[in-house]
Amino acid sequence: MTDNAAALGALKRYFGYDSFRPGQSGLVEAILAGRDVLGVMPTGAGKSVCYQIPAMLLPGVTVVISPLISLMRDQVDGLNDAGIPAAFVNTTQSPDEQGMVLAQAARGDVKLLYVAPERLETDRFREFAARTPIALVAVDEAHCVSQWGQDFRSSYLGIGEFIAGLPSRPVVAAFTATATERVRRDIVAMLGLNTPQVTVTGFDRDNLYFDVIKMETKRKAAWVAAYVAEHADESGIVYCATRKETEALAAALNRTVPVLRGVSAGGNGTAGSVRTDSAQLESPSLGPIAVAYHGGMAADERNRAQRDFVTDRIPVVVATNAFGMGIDKSNVRYVIHHNMPGSIEDYYQEAGRAGRDGEPSRCTLLWNDGDIATRRRLLDSDYENDRMTPEEQERNRANKRRLLDGMVGYCRTTDCLHRYMTRYFGETEPADDGTGKAVKCKGGCTNCNSTFETLDVTDVARAISRCVHDVMYDWDDQGRPTRAPMRQGLGSSKIVAVLRGSRAQDVTSRGLDRCPSYGRLRETPEARVRDVLSQMTTDGFLFVSDGRLPIVGFGARAAETVVDGFHYEIKRVERAQPSCSVASRAAAGG
Ligand code: ADP
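Position numbers for residues count from 1 along each chain, tracking the sequence in the order it is written. pLDDT decides what is reported in this predicted model: residues at 70 or higher carry local features, side-chain atom pairs at 80 or more are listed and counted, and totals for whole chains, interfaces and linings draw on all residues regardless.

Draft legend 1. Expanded view of the overall build of the protein. Runs of E in the DSSP output that reach at least two residues are strands. Runs of H or I that reach at least four are helices, and both are numbered from the N terminus. The helix and strand inventory of the protein stands at 22 helices and 17 strands. Contact between two residues is assigned whenever their backbone-derived C-beta positions fall within 7 Å. Within the protein, contacts between residues at least 6 apart in sequence are counted, and of these 74% link residues at least 24 apart.

Draft legend 2. Seen up close, the nonpolar core. By convention the nonpolar core is taken to be a set of buried residues drawn from Ala, Val, Leu, Ile, Met, Phe, Trp, Tyr and Cys and joined through C-beta atoms within 7 Å. To sort residues by exposure, count the other C-beta atoms lying within 10 Å of each residue's C-beta; 20 or more gives buried, 12 or fewer gives exposed, and values between give partly exposed, all with C-beta atoms placed from the backbone. In this structure, Leu113, Ala173 and Ala174 are the most contacted members of the largest nonpolar core, which totals 65 residues. Looking at this core element by element, the count peaks at six residues for helix α3 (residues 47–57).

Draft legend 3. Expanded view of the sheet that holds strand β5 (residues 134–139). Read across the sheet, seven strands follow the order β3-β4-β2-β5-β6-β1-β7 without closing on themselves; strand pairing throughout is parallel. A single partner strand is all that each edge strand has here, and the edge strands are β3 (86–89) and β7 (197–200). Pairs of neighbouring strands in the sheet enclose a mean axial angle of 15°, with direction left out of account. By the convention used here, strands pair only if DSSP detects at least 2 bridges between them. Inspection of the sheet shows β5 paired to strand β6 (residues 171–176) by four bridges, in the parallel sense. Looking at the pairing, leucine 136 lines up with valine 171 of β6. To get an axis, a line is fitted to the C-alpha atoms, and for a helix only the part in contact is used. The angle between two axes follows their N-to-C directions and goes from 0 to 180 degrees.

Draft legend 4. Region of the structure containing the site of the ligand. Near, as applied to residues and a molecule or strand, means the residue's backbone-placed C-beta atom lies within 6 Å of it. Looking at the ligand, there are 13 residues lining it, with Tyr17, Thr43, Gly46, Lys47 and Ser48 nearest. When residues in the shell around the ligand are grouped by element, the largest group, three residues, is from α3. Amino acid classes used here: Ala, Val, Leu, Ile, Met, Phe, Trp, Tyr, Cys and Pro are nonpolar; Asp, Glu, Lys and Arg are charged; the rest, including Gly, are polar. The residue inventory of the shell around the ligand, partitioned by class, reads six nonpolar, five polar and two charged.

Draft legend 5. Here's a closer look at unusual backbone geometry. In the Ramachandran plot, glutamate 141 falls in the positive-phi region, its phi being about 50° despite a non-glycine side chain. With respect to the helices, strands and loops of the structure, glutamate 141 is situated in the loop between β5 and α7 (157–164). Its 21 C-beta neighbours within 10 Å are what place glutamate 141 among the buried residues. Of note in this structure, aspartate 312 is not a glycine but carries a positive phi near 65°. For aspartate 312, the position within the fold is in the loop between α12 (299–310) and β11 (316–319).

Draft legend 6. Examining helix α9 (residues 217–230) more closely. A helix is expected to span 1.5 Å multiplied by its residue count minus one. A rise of 1.5 Å per residue sets the reference length of α9, with its 14 residues, at 20 Å; its end C-alpha atoms lie 21 Å apart and thus fit the reference within 8%. Residues Lys220, Val224, Ala225, Tyr227, Val228 and Ala229 constitute the buried set of α9.

Everything listed here is a matter of geometry and, on its own, says nothing about what the molecule does.
As structure tokens, then:
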């Protein structure tokens, strides 16, 4: 029997499935052929099967390294129910129990052994590993090994060494739901993967309509209320940045949505007429429209909120990011982000809770420059973690800054939002549809549905680029550079100040008013200069260094700005938003 046929047989026998999902069969076959793999697949795509099937077919035991002790029992129970001999060793067991499980595994009575990474460092486990043939080491949540990822865990650093110390090298299979190119390189290096087969699949959710709207903070609540009112028969999640905001917004929705519904239902409606109208909810509710959910609420309150939402008694939950883990509700029709999250990873995870049932659903992100500034400020103050050395803290901060840049890029891009997302996760995409045309945005997104009013900012971009160069020198009174580059450069606010000809003391006292770029963009609104600078960073023309005082330098595409024919644009006016109902129906229909 070929590996493929054996794998399909095992899939059917143990799990009852007739076919592999995209990506699974390639990974299973590679592992069976003895090749290391890295599988990058979104949550729910079916990563576990990729190592569970080989574990059943390979001789010897498979060690599964997973950071979540709390989930091990469920996972193992599920496997045992399917007739798979699996077990775990962790700190919830007595030393005797642990010893018993290891003895069973050493005898070959356990095919899948789940452990946390810390376990690998114990003498007892090392002893076990030295005398037991280990066929496969599967590393779940492999991004935890990377300091560039979101959830770095130092215990993951020991995995590579553990594998290297085994008497015979097992196949190593790493899996994660979130890994950018950089994190992937780290995983391969830190786990010592041997020319692994890397498979990245399934990040594009084509039933989701992605929508990005730049909006002043004070308009956001009214926008959300209008949206909720127009979609009163649908279930939705609204994510806010703080606990206070969730409560305020939930209260505002309960106050205003009934009124809006009354008006839209009959023209002269009152909150009373809304009650009848909202009977079109699947389970007619006379109760509130929205409920808040955050980590500061008492457990029973939180559970009630969750239950009311999951059972459709209350259509909308207004939550912090504490909401969602382990909540299984398939018919969420929209996820609105009232504030911009700190990374695409977070955004994808939260927005992805819409449309689990595959029906058309909408993910809307409301943002403004203030959100970005708040995020950046938080980054710089947030990191007083005394378990980290100053260098580690700095690296951590720099990393979060980079993740934030990815998120900001999503807000600003005029490119297809589906494409931005899948590119971010490194999914390989066909360059065209076979006819030479770019692949169409499948689920739909505002960018593909809008014509942007763009503004030619070529001159502004060139001036910024020039200024970044100029401020590295010192100048004489005629504006001639006097020496070789002698300054490190400046941060972005200072660059903007120089270009706008600021008289601020820290500009003049440092002699920056003698710089040839000084005042060159005096006539351009400050916000525009900032916008262009920020977009140039996103687009790779500029590069903002890490460190406590980030400095603007040149990015990989810097040279393009001095080439004849260089042309640069930004979105000019935020496009007029179509009424939310129209946009949503259009998305649902198309
Ligand atoms: P992940 O680890 O990627 O989050 P899981 O391995 O938990 O995902 O799988 C998610 C769900 O998909 C599980 O219920 C699993 O049984 C199911 N599943 C996995 N592979 C297949 C398949 N080939 N066909 C149908 N269902 C599958």
